[in-house]
Amino acid sequence: MGAEYILEMENITKEFPGVKALDNIQLKVKKGTVHALMGENGAGKSTLMKILFGIYSGSGTIKFNGKELKLSGPKDALNNGISMIHQELSPVPYMTVAENIFLGREPVYGKSGWVNKKKLIENTKKLFETLNISIDPTTKMKDLSIANMQMVEIAAAVSHHANLIIMDEPTSAITEKEVEHLFKIIRSLKKKGVSIIYISHKMDEVFKICDEITVLRDGQYIGTKPAHELNQDSLIQMMVGREIKQVFHKEKAEVKEVVLSVKNLSRKGKFNNVSFEVRKGEILGIAGLMGSGRTELIESIFGIAPPTSGEIYLHGKRVSIQSPSGAIRNKIGLLTEDRKLTGAFLPLSVKENMIISSLENFVNFGYIKSRLVKKTCDAQVKRLNIKTPNLNQLIMNLSGGNQQKVLLARWLLNDPDLLILDEPTRGVDVGAKAEIHKLISKLAQEGKAIIMVSSEMPEILGMSDRVLVMHEGNQKGELSREEATQEKILEVAYQ
Amino acid sequence: MESQETIAKKPTILSDRYQTGWKEKVSEIFSRYGIFIIFLGMVTLMSFLTPYFFNVLNLINVVRQVSFIGIVAMGVTFVIITKGIDLSSGSVIALISVVAADFAHPGEHSLFVPLAIGVGVGALTGLINGTITAKGMIPPFIATLGMMTAARGLALLYSDGRPIGNLSDSFLFIGAGEILGIPFPIIVFLVVGIISHLLLSNTKFGKYTYAIGGNEQAARICGINVDRHLILVYTYAGLLTAIAGLMLTARISVGQPSMGVMYELDAIAAAVIGGTSLTGGIGTIPGTMIGALIIGVLNNGLDLLNVSSYWQQILKGAIIVTAVLIDSRKNKKS
Amino acid sequence: MKAQKIFSWLMISVLMIGLLSGCGVSQSSNARGKDHKIVIGAAMPVFDDKWLTYLYDAINDYDAKHGNVEVQMVDAKNDSVKQLTQVETLVVKGVDAIIITPVDTSAVEPMVDAAKKANIPVIVVNRMPTQDVLDKVDAYVGSESIQSGTMQMEKVAKLLGGKGNVAIMTGELGSESQVKRTEGNKDVIKKHPDMKVVREGTAKYQRAEAIQLMENWIQSGDKIDAVVANNDEMAIGAINALKSAGKLDDTLVAGIDGTTDALKYVQSGDLDVSVFQDPVKQGQGAIETAVKLAKGQKLDNKMVWVPYELITKENVEKYVKKWKEYNNN
């Protein structure tokens, strides 16, 4: 019956010029449940949610609380009791937390339009109390950590007193601790009868919190099942359309001489006294939560922000690396954490993105040998199985996984001895993830030394030969592949 | 162009969902060659509207008139591709004009002297623009705004506010001379165009220019010396401005401290009409040359048609906005 | 997306309307061309100048009153390069004579050359080029810019009794009139050993800027006996500032142009000296000379002088009447 469902979307179709993004999709969410919406990147999840939130218009029917709904825009959606946590944070950096949360609906004195700041802050405090968040409402948004910004965003979505909250990748930027916090909030919302649509790439989270799962693939509706009827493998199968048994392709590699050795490396205020070594053929995983200093550590090794003290040895020789170009000269490559911000040149082509850091090899008196470029890039496309119509395609038109492969190819063209990979599979869909893992393993076999930073525990556990555990800027310990488990890592981190 | 055929034939799930109707093809062609089509359309239209337009003398006039702004616009294109902007070109033209004119009186120095000094001054202003932008971490808008004001002041100071005339015939040749019936500025325009195009599309220098505009942080991580490269880009822009300034001075046979007012905006407009995007990382030299020609044809055609200068301004404004509009739609699509 | 599309079409329609309006003009001009009417090109420095507007009107007036003459007037927006371009375009159109009021007299030679190469008569108006260019042109109508500066300062010198401190307020730096008028001022000062230029600064021909500049000068405490401005607008600005400081009675103020506004200040005694240059006479002189040359007639004298006239309180009424006449046309 209609009363059972808070939301019924049926026959939803959406076309963009040349592409059918959604084809006859349905999504039914029961009252007071958490409903996961799963699918690889490009499956149509975000488009569907944008239609639900009134950002896009599409054909088909949407029933909300049994009544048919036609939304004119996000404001309309909010008025009808639907709110959304967006994947990309959109804070107004120079306004306070309280102002951000109540943007557009500030409490005012009478009809004057004059904002009642006292009440604004009080309302925020009350909201935070119910959610158990301890952030000062008068802090400027720009001064918050990304994790706290995400919590503010969550609080803002809750503050609308919506009956249905859409959460699009709410945990992409927050730590395990805060994920737990978020889940507590979700459970208490559930008790109040609020329904939640939960979108995430992280399987463990989905199985932990969700009641039902709807899967989309390539703009098509695949099916809806109760979460307890599925497991990781069967869910992946639904998403990918083929069976992927083993997610981590870790092959045995011969471990040889030390490539990088770091002694007592510190950068003031970021990390202290870190010492470790990586050998040829070895994958060293660095585990740690956001703010553990892991990204800062590899930035120092790569010369982006040189360390304040300590020593770095490459092949036994002490080096001083003051800039990324210095690191590249020393045969180090770095795949950065944030593809859009520090990795890809979005307006440039696949070809240009690939060759940009190894241009020296392709030029004659500064003039580019285009045949050589073509030959080399074609080979890389083949080797990494990059899906692109041609080399002149703009990288921004590729999927996340293929973008990541292009960037990996960029560093491989430098033929590095040491490859540092910061979150190599963030925002990459399951199929491409497996391919990237396979590739990393193969690179180690070929004799590269690899450092891999990741906040996904299974990835760390599945890929690393050794795991370096960091917490709040300190090196807490090192675990061998055999010793390392999720529990053990957390134990070491918090000891 | 060459790697058009180099398609890695890997059918993807996505591409199956693309429908390739004629509508898409037309819009594809339009977004790639749109500016060129608009240009040809304008030439055709003008030829029909006025009998004076399509004759050799007038066409030579148009291209000659365009040469100067066109050369400046090519330098500006490099700058805009790095996500920068150069507001100083007009004033720098004035500075170069009076300084070079001062060394170009007949019988005083060889032709080399004023040319070298002019190019030197241009490159120096570019060097300063680039250094302040790269090392001073000041936005290029402000850095070059400062240069725009200061260079104009220097030009007035140097010339005591007066035009500097009485220039040697050999100097006048670079603005008014002809080789085989083709005005010298046109030859320089084409040569500078070819060199700039090759530089931008086929060299390391060019690729780094695109990379910095596309993503400055990523460029640093890729080992590009961003600061040094930015300085070089602004210096190149200053150099091209100098070439235009020297030829303009010779063309009107006098060094003027009041020369080139608002030329920086015409140059930016030419680049933008030609498809250079102010968001960085996008733009080509042939596009900019066509952009400059569009402005030139528009100016010339409207003058021939005797359209009032008030209408001319409105039309120019409309064209610029329309060009950017097409450009922004192109970007949105991808 | 939709709004953008609509906006695109809007822009395109603006373009079309503009071109069509241009088309209309060109057709009518073509039609007239067939009747062998005389077409005169007029390359003017800047439309946005009040005094020059009267000159333009006088030229256009001739077009309106004579069916067999058409004037095509273009605006160089104070840019010599643009003006050269416009002259080239007029040459392409094959006009019968070209009237030029140069943006910068030292840059006028290439324009004259371009016209002469096509055997089109050239008439320079209002701003006098150097002798070697004058030799090439067919006629010059106007006066010598420098004279206005000399005339103005001579009167001031006379009123000051040949001694005192003078402040010169100059126009837009580098502009023709600024350079020549200031030069004329200084030539006169040189002849009077007891007169001294104590201040010189630009107010860009603008009243508001002049007020600020004058205030600063008053603040500096220097004794200033006369403020000599490159135009009336600045002189009026200086008067305003001096009035507020209570110093107007001790200070002579002189301007140039004799605008209607300025005449009121002369009548009230605030503005002591102005110099009148007759725009209508210059415009009429220019177009009449151009038509004569276009018809192939000979001129009695290629220098058509329209001299400057000094305005003081004694003769101001004459000019008030003159402006009334001009404005009624």
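These figures come from a predicted structure and were not determined experimentally.

A.B. asks: How would you summarise the overall build of chain C if you had to cite specific residues and measurements?
C.D. replies: When its secondary structure is counted, chain C shows 12 helices and 12 strands. Relative to all contacts within chain C whose residues are 6 or more apart in sequence, the contacts with residues 24 or more apart total 73%. In the form shown here, chain C has an accessible surface area of approximately 14300 Å², with 51% of it arising from carbon and sulfur atoms.

A.B. asks: Describe the domain arrangement of chain C, and please don't skip the residues or the numbers.
C.D. replies: Residues and elements named next belong to chain C. Looking at the assigned domains, one finds that chain C contains domain 1 (36-143 + 279-298) and domain 2 (146-276). Distance between the C-alpha centres of domain 1 and domain 2: 31 Å. Of the residues lining the interface, eight residues belong to domain 1; the matching set on domain 2 comes to five residues. Interface area for domain 1 against domain 2, summed over the two sides, is near 440 Å², with a carbon-plus-sulfur share of 49%. Together, Trp-51, Thr-105 and Arg-127 form the three largest contributors to the area buried by domain 1 at its contact with domain 2, with a combined 52%. Between the two partners, domain 1 and domain 2, sit zero salt bridges. Along the contact surface separating domain 1 from domain 2 lie zero residue pairs in polar contact (both at pLDDT 80 or more). Each residue belonging to the side of domain 1 that touches domain 2 can be placed in one class, and the counts come to three nonpolar, two polar and three charged.

A.B. asks: Quick rundown of the sheet that holds strand E9 (residues 252-254) of chain C? Include the residues and the values.
C.D. replies: Residues and elements named next belong to chain C. As summarised here, the arrangement of the four strands in space is E7-E6-E8-E9, forming an open sheet in which the pairing is parallel. Whereas interior strands pair on both sides, the edge strands pair on one side only; in this sheet they are strand E7 (195-202) and E9. Looking at each pair of strands side by side, their axes are set apart by 20° on average, direction ignored. Where strand E8 (residues 226-229) lies against E9, three bridges are found, and the strand directions are parallel. Counterpart to Ala-226 in the pairing with E9 is Leu-252. In the packing of helix H7 (residues 176-191) onto the sheet, contacts are made with strand E6 (164-170), E7 and E8, and the angle to E6 comes to roughly 170°.

A.B. asks: Explain the UniProt feature "domain: Periplasmic binding protein" (unreviewed entry) in chain C residue by residue, including any values.
C.D. replies: Within this numbering scheme, the UniProt entry marks residues 40-298 of chain C as carrying the feature "domain: Periplasmic binding protein" (unreviewed entry). Along residues 40-298 of chain C, the helical share is 49% and the strand share 19%, with 17 Å between the first and last C-alpha atoms.

A.B. asks: Let's hear about a nonpolar patch on the surface: which residues, and what values?
C.D. replies: Residue and element names in this part refer to chain B. Taken together, the side chains of Leu-124, Leu-127, Ile-128, Ile-132, Ile-138, Phe-141, Ile-142 and Leu-145 present a nonpolar region at the surface, about 640 Å² in accessible area. Contributing elements (two or more residues each) for the nonpolar patch: helix H5 (112-135) and helix H6 (140-159). Looking at which element gives the most residues to the nonpolar patch, the answer is H5, with four residues.

A.B. asks: Run through the UniProt feature "transmembrane region" (unreviewed entry) in chain B, naming residues and quoting values.
C.D. replies: When the UniProt feature table is mapped onto this chain, "transmembrane region" (unreviewed entry) is found at residues 33-54, 66-99, 111-132, 138-159, 171-200, 233-253 and 265-298 of chain B. As annotated, residues 265-298 of chain B has a helix share of 68% and a strand share of 0%, and its two end C-alpha atoms lie 16 Å apart.

A.B. asks: Could you give an account of the packing of aromatic side chains, naming the residues involved and the relevant values?
C.D. replies: Evaluated as defined, the whole model comprises 13 aromatic pairs over all chains. Pairing Phe-183 of chain A with Tyr-198 of chain A gives two aromatic rings, centres 6.3 Å apart and planes at 65°, and the pair type is edge-to-face. Here Phe-183 of chain A, found in helix H6 (residues 176-191), pairs with Tyr-198 of chain A, found in strand E8 (residues 195-199); they are 15 residues apart in sequence, far enough to count as distant. Take Phe-183 of chain A and Tyr-198 of chain A: they sit in the same class, and that class is buried. Ring geometry for Phe-302 of chain A and Trp-411 of chain A: centres 5.8 Å apart, planes at 90°, overall edge-to-face. Here Phe-302 of chain A, found in the loop between helix H9 (294-301) and strand E14 (309-314), pairs with Trp-411 of chain A, found in helix H14 (residues 400-412); they are 109 residues apart in sequence, far enough to count as distant. Under the relative-accessibility criterion, Trp-411 of chain A is labelled buried at 2%. Within the aromatic cluster, the residues linked to one another by ring pairs are Tyr-54, Phe-276, Tyr-319, Trp-323 and Tyr-326 of chain C.

A.B. asks: Which residues make up the sheet that holds strand E5 (residues 139-142) of chain C, and what values go with them?
C.D. replies: Residue and element names in this part refer to chain C. On the basis of which strands lie adjacent, the open sheet formed by six strands has the order E2-E1-E3-E4-E5-E11 and parallel pairing. Every interior strand has two partners, whereas the edge strands, strand E2 (69-75) and strand E11 (303-305), have only one. Going across the sheet, the axis of each strand differs from the next one's by a mean of 20°, ignoring polarity. Bridge count between strand E3 (residues 97-100) and strand E4 (residues 122-125): three bridges; the pairing is parallel.

A.B. asks: An account of unusual backbone geometry is needed here, citing residue identities and associated values.
C.D. replies: All names here are of chain A. Here Lys-331, not a glycine, exhibits a phi torsion of approximately 65°, which is positive. Topologically, Lys-331 is positioned in the loop between helix H10 (324-329) and strand E16 (332-335). Relative accessible area serves as the criterion here: at 33%, Lys-331 is assigned to the partly exposed category.

A.B. asks: Got a sec to walk through helix H11 (residues 226-252) of chain B? Specific residues and values, please.
C.D. replies: The terminal C-alpha atoms of H11 of chain B, which comprises 27 residues, lie 39 Å apart, in line with the 39 Å expected from a rise of 1.5 Å per residue. Following H11 of chain B by one or two positions, Ser-253 of chain B has its phi on the positive side, about 60°.

A.B. asks: Explain the environment of Leu-22 of chain A residue by residue, including any values.
C.D. replies: All names here are of chain A. Inspection of the secondary structure puts Leu-22 in strand E2 (residues 19-30). The spacing of Leu-22 and Ser-159 is 137 residues in sequence and 31 Å in space, taken between C-alpha atoms. Leu-22 has contacts with Ile-12, Thr-13, Lys-14, Gly-44, Thr-47, Leu-48, Ile-51 and Gly-219, leaving out every residue within four places of it along the chain.

A.B. asks: Account for empty space enclosed by the protein, with residues named and values stated.
C.D. replies: Over the atoms a probe the size of a water molecule is rolled, and this reveals where empty space is left. Residue and element names in this part refer to chain C. Summed over the entire model, instances satisfying the criterion amount to four cavities of 30 Å³ or more. Taken as a whole, the second largest cavity spans an internal volume of roughly 50 Å³. Every residue lining the second largest cavity is listed: Lys-50, Trp-51, Tyr-54, Thr-259, Thr-260 and Trp-323. At three residues, helix H2 (residues 50-65) tops the list of elements feeding residues into the lining of the second largest cavity. Counted by class, the lining of the second largest cavity contains three nonpolar, two polar and one charged residues.

A.B. asks: An account of the environment of Leu-359 of chain A is needed here, citing residue identities and associated values.
C.D. replies: Looking at the secondary structure, you find Leu-359 of chain A in the loop between helix H12 (350-355) and strand E17 (363-364). Separated by 54 residues in sequence, Leu-359 of chain A and Leu-413 of chain A have C-alpha atoms that sit 9.4 Å apart.

A.B. asks: Hey, could you go over the packing of helix H5 (residues 146-159) of chain A against H6 of chain A for me, with residue numbers and the actual values?
C.D. replies: Residues and elements named next belong to chain A. Two elements in contact, H5 and H6, have axes whose closest approach is 11 Å; the angle formed by their N-to-C orientations is 5°. Judged by the inter-axis angle, H5 sits roughly parallel to H6. Residues Ala-147, Asn-148, Met-151, Ile-154 and Val-158 of H5 form the contact with H6, whose own contacting residues are Glu-178, His-181, Leu-182, Ile-185 and Leu-189. Taken together, the residues of the contact of H5 with H6 break down into seven nonpolar, two polar and one charged.

A.B. asks: Account for the pattern of salt bridges, naming residues and giving values.
C.D. replies: Two side chains of opposite charge can pair, provided their charged atoms sit close to one another. According to the stated counting rule, one finds 41 salt bridges over all chains in the structure shown. Asp-261 of chain C is the partner of Lys-264 of chain C in a salt bridge, and the nearest nitrogen-oxygen pair spans 3.8 Å. With Lys-264 of chain C and Asp-261 of chain C both in helix H10 (residues 260-267), this residue pair falls three residues apart, about one helical turn. Classification of Lys-264 of chain C as exposed rests on a relative accessible area of 53%. Several salt bridges converge on common partners, so that one network encompasses Arg-294, Glu-337, Glu-423 and Arg-426 of chain A.

A.B. asks: How would you explain the packing of helix H8 (residues 184-202) of chain B against H11 of chain B if you had to name every residue and give the values?
C.D. replies: Residues and elements named next belong to chain B. Between H8 and H11, the shortest axis-to-axis distance is 11 Å and the interhelical angle comes to 170°. Regarding the angle of H8 to H11, the classification is roughly antiparallel. Across the interface between the two elements, Pro-185, Val-188, Val-192, Ile-195, Ser-196 and Leu-199 of H8 pack against Tyr-236, Leu-240, Ile-243 and Met-247 of H11. Taken together, the residues of the contact of H8 with H11 break down into nine nonpolar, one polar and no charged.

A.B. asks: Can you break down the side chain of Thr-105 of chain C residue by residue, with the values?
C.D. replies: Here Thr-105 of chain C lies in the loop between E3 and helix H4 (109-117). Discounting residues that sit within four places of it in the chain, Thr-105 of chain C has contacts with Arg-127, Met-128, Pro-129 and Glu-176 of chain C.

A.B. asks: Could you give an account of helix H11 (residues 279-294) of chain C, naming the residues involved and the relevant values?
C.D. replies: All names here are of chain C. For H11, which comprises 16 residues, the first-to-last C-alpha distance of 22 Å matches the rise-based estimate of 22 Å (1.5 Å per residue) to within 8%. The backbone nitrogen of Val-280 lies 3.2 Å from a side-chain oxygen of the residue at the head of H11, namely Asp-278. Among the residues trailing H11, Gly-296 stands out with phi positive, at a value near 85°.

Thresholds, definitions, all that
Residues numbered from 1 in each chain as written. Chains lettered and ligands numbered in written order. Predicted model: local features only at pLDDT ≥ 70, side-chain atom pairs only at ≥ 80, totals over all residues. Heavy atoms only, no water. Helix = DSSP H or I, 4+ residues; strand = E, 2+ residues; numbered from the N terminus. Contact = heavy atoms within 4.5 Å. Areas by Shrake-Rupley, 256 points an atom, 1.4 Å probe, with all protein chains shown as cover. Domains from an automatic or database assignment. Buried area = accessible area lost by both parts, 1.4 Å probe. Salt bridge = Lys/Arg side-chain N within 4 Å of Asp/Glu carboxyl O. Polar contact = N/O pair within 3.5 Å; in protein donor to acceptor, adjacent residues only side chain to side chain. Nonpolar A, V, L, I, M, F, W, Y, C, P; charged D, E, K, R; others polar. Pairing = 2+ DSSP bridges. Axes fitted to C-alpha atoms, helices over the stretch in contact; angles between N-to-C directions. UniProt positions renumbered as here; feature names shortened; annotations may be inferred. Patch = residues over 30% accessible without salt bridge, like charges linked within 9 Å, V, L, I, M, F, W, Y side chains within 5 Å. Phe/Tyr/Trp six-rings, centres within 6.5 Å; stacked < 30°, edge-to-face > 60°. Buried < 20%, exposed > 50% of the residue type's maximum accessible area, 1.4 Å probe, protein only. Expected span 1.5 Å × (residues − 1). 1 Å grid on protein atoms, 1.4 Å probe; cavity = no way out; pocket = protein on both sides within 12 Å on 5 of 7 lines; lining within 4 Å. Points joined across faces, edges and corners; volume = space filled by probe spheres on them. Parallel < 35°, antiparallel > 145°, perpendicular 65-115°, else oblique.

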